[in-house]
Amino acid sequence: MRKEKIAFIGTGVMGSGIVKHLLHAGFEVTVYNRTKAKANPLLELGAEWADTPALAAENQDIIFTMVGFPKDVEEVYFGDKGIFKTAKENSVVIDMTTSKPSLAKKIYETAKEKGIKSLDAPVSGGDIGARNGTLSIMVGGDEQVFHEMLPIFELFGSNIVYHGEAGAGQHAKMCNQLLVTTNMIGVCECIAYGIKAGLDLEKVLRSVSTGAAGSWSLTNLGPRILKGDLDPGFYIKHFIKDMKIALEEAERMGLDLPGLKLAKEMYETLQERGYGDYGTQALIKYYPV
């Protein structure tokens, strides 16, 4: 059976992990990244390189994007060297960037006009989930297209949920980020308190991680904090972007979210201190311990 030709635009921390699963499954994958050096490990594994998003998308069946900010999404889809310049009819574009629901709808409508299928499919699970193929994938768009793409999603995701029309995947991701923001405050305050109390932090994590206080962040990022490992599974600068989107959407819906506002202020303080390229667990640096 012929396998689809795939383009993947954005081979950062998580994108590169996803591409490895696609290559391992035997797909022909063409990649583009703003910094080519970051794609070199994938080229060594057999991926093909393209010099622009337009060249990457040309003659491809499925085109994934996973870039940093909504402005980057705009550029790779609608720019002079963007995907919509070359994507063929009946291809599928799938944006996995955490971005604005309104932008997901814009991509969907433009794609529809060109005879192209479109899904918004942001993910959660960080570099660990991408590496292990256990990402949570939140999908918006036409349900029939979701089912067509499900076997591809299953190569790198273990919890894949269809949420509704275009933009619904992005709204679901905002719900995810709302939980992560205040949860990370709890994880870091737990560790800061334990340090001040003179406790063995490994024992503390063992005690609390399997009870009512347990969470993905506590289990996966708590140990990293104890080791002083602040490398990004997800960048603080991108997390702040997500919080801004969530606050904009909440304001539009007439919803006040004080916990989110607090978390955003804390992370912005860290970014001002030079931690923007660190992982979200670097929130521990907010506390004087």
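Right above here is the structure, for reference.
All chains use their own residue numbering, which begins from 1 and follows the written sequence. Residues qualify for local features only when their pLDDT is at least 70, as the model is predicted, and side-chain atom pairs are given and counted only at 80 or more; totals for whole chains, interfaces and linings, by contrast, use all residues. Excluding hydrogens and water, the side-chain values take into account all heavy atoms of the structure.

Chemist: Can you explain the packing of helix α8 (residues 168-196) against helix α12 (residues 258-272)? Please cite residues and give values.
Modeler: For the pair α8 and α12, the least separation of the axes is 9 Å and the interaxial angle reads 65 degrees. Taken as a pair, α8 and α12 cross one another with a handedness that is left-handed. Each of Leu178, Thr181, Thr182, Met184 and Ile185 in α8 lies in contact with α12, whose residues at this interface are Gly259, Leu260, Leu262, Ala263, Met266 and Tyr267. Lines are fitted to the C-alpha atoms to define the axes, a helix being fitted only along its stretch in contact, and any angle between axes, read from their N-to-C directions, falls within 0 to 180 degrees. Going along the chain from the N terminus, every DSSP run of H or I of four or more residues is numbered as a helix, and every run of E of two or more is numbered as a strand. Throughout, a crossing is termed right-handed when the near helix is turned clockwise from the far one, and left-handed when it is turned anticlockwise from it by less than a right angle. Pairs of residues are marked as contacts when any of their non-hydrogen atoms sit within 4.5 Å.

Chemist: If you had to explain the pattern of salt bridges to someone new, which residues and values would you point to?
Modeler: Pairing between side chains becomes possible if they bear opposite charge and their charged atoms approach one another. When a carboxyl oxygen of Asp or Glu lies within 4 Å of a side-chain nitrogen of Lys or Arg, that pair is called a salt bridge. Across all of its chains, the model carries 11 salt bridges by this definition. A salt bridge links aspartate 72 to arginine 34; its shortest N-O distance comes to 3.6 Å. One end of the pair, aspartate 72, is in helix α4 (residues 70-78); the other, arginine 34, is in the loop between β2 (28-32) and α2 (40-44), and 38 residues separate them in sequence. Among the salt bridges present, the one from lysine 241 reaches aspartate 242, with a minimum N-O distance of 2.8 Å. Using a relative accessible area of 8% as the deciding quantity, one classes lysine 241 as buried. Think of it in three bands: residues with accessible area under 20% of the maximum for their type are buried, residues over 50% are exposed, and the middle band is partly exposed, with areas taken using a 1.4 Å probe on protein chains only.

Chemist: For helix α5 (residues 101-113), give the residues involved together with the corresponding values.
Modeler: Take the number of residues in a helix, subtract one, and multiply by 1.5 Å to get its expected span. Between its first and last C-alpha, α5 extends 19 Å over 13 residues, near the 18 Å set by a 1.5 Å rise per residue. Taken residue by residue, α5 has Pro101, Leu103, Ala104, Ile107, Tyr108, Thr110 and Ala111 as its buried positions. Residues of α5 that are buried sit in contact with α4, β5 (92-95), β6 (117-120), α8 and α11 (236-252). Downstream of α5 by one or two residues, glycine 115 has phi in the positive range, about 75 degrees.

Chemist: Now, about the side chain of aspartate 95: what can you tell me, with residues and values included?
Modeler: Here aspartate 95 is to be found in strand β5. One polar contact links aspartate 95 to threonine 65, side chain to side chain, over a distance of 2.7 Å. Ignoring anything within four residues of it in the chain, the contact list for aspartate 95 reads Thr65, Val73, Tyr77, Ile107, Leu119, Asp120, Ala121, Pro122 and Gln170. Counted as a polar contact is a pair of N or O atoms within 3.5 Å, where, for protein atoms, one must be capable of donating a hydrogen and the other of accepting one, and residues adjacent in sequence contribute only when both atoms are in side chains.

Chemist: Describe the environment of glutamine 281, naming the residues involved and giving the relevant values.
Modeler: Topologically, glutamine 281 is positioned in the segment after α12. In this structure, glutamine 281 is in contact with Met184, Cys188, Leu221, Arg224, Ile225, Asp229, Leu230 and Asp231, ignoring residues within four places of it in sequence. A polar contact is formed between the side chain of glutamine 281 and the backbone oxygen of aspartate 231, at a distance of 3.0 Å.

Chemist: Explain the nonpolar core residue by residue, including any values.
Modeler: Think of a nonpolar core as a cluster: buried Ala, Val, Leu, Ile, Met, Phe, Trp, Tyr and Cys residues, connected wherever their side-chain atoms sit within 4.5 Å. In this structure, Met184, Cys188, Ile236, Met243, Tyr267 and Leu283 are the most contacted members of the largest nonpolar core, which totals 34 residues. Of all the secondary structure elements, the ones that give two or more residues to this core are α8, α9 (201-208), α10 (216-227), α11 and α12. The residues contacting leucine 283, other than those within four sequence positions of it, are Met184, Ile185, Cys188, Met266, Tyr267 and Leu270. The next biggest cluster of nonpolar side chains, apart from the first, holds 33 residues, and it includes Ile18, Met66, Met96 and Met149.

Chemist: Give me the environment of tyrosine 235: which residues, what numbers.
Modeler: Residue position: tyrosine 235 is located in the loop between α10 and α11. Residues tyrosine 235 and tyrosine 278, spaced 43 residues apart in sequence, show a C-alpha to C-alpha distance of 5.6 Å.

Chemist: Hey, could you go over the packing of aromatic side chains for me, with residue numbers and the actual values?
Modeler: In summary, the pairing rule links any two rings of Phe, Tyr or Trp, Trp by its six-membered ring, whose centres are within 6.5 Å, and it sorts them by plane angle into stacked for under 30 degrees, edge-to-face for over 60 and tilted for everything else. Scanning all chains against the criterion turns up 11 aromatic pairs. Aromatic side chains phenylalanine 78 and phenylalanine 84 sit 5.3 Å apart centroid to centroid with 55 degrees between the ring planes, which places their arrangement in the tilted category. Put simply, the rings of Phe8, Phe64, Phe153 and Phe156 touch in pairs and so form one group of aromatic residues. Lysine 3 extends its terminal NZ or CZ atom over the ring of phenylalanine 27, reaching a point 4.7 Å from the ring centre. The ring of phenylalanine 78 has lysine 106 sitting right over it, with the charged end atom 4.6 Å from the ring centre. Two thresholds decide whether a charge sits over a ring: the Lys NZ or Arg CZ must be within 6 Å of the ring centre and within 35 degrees of the ring normal.

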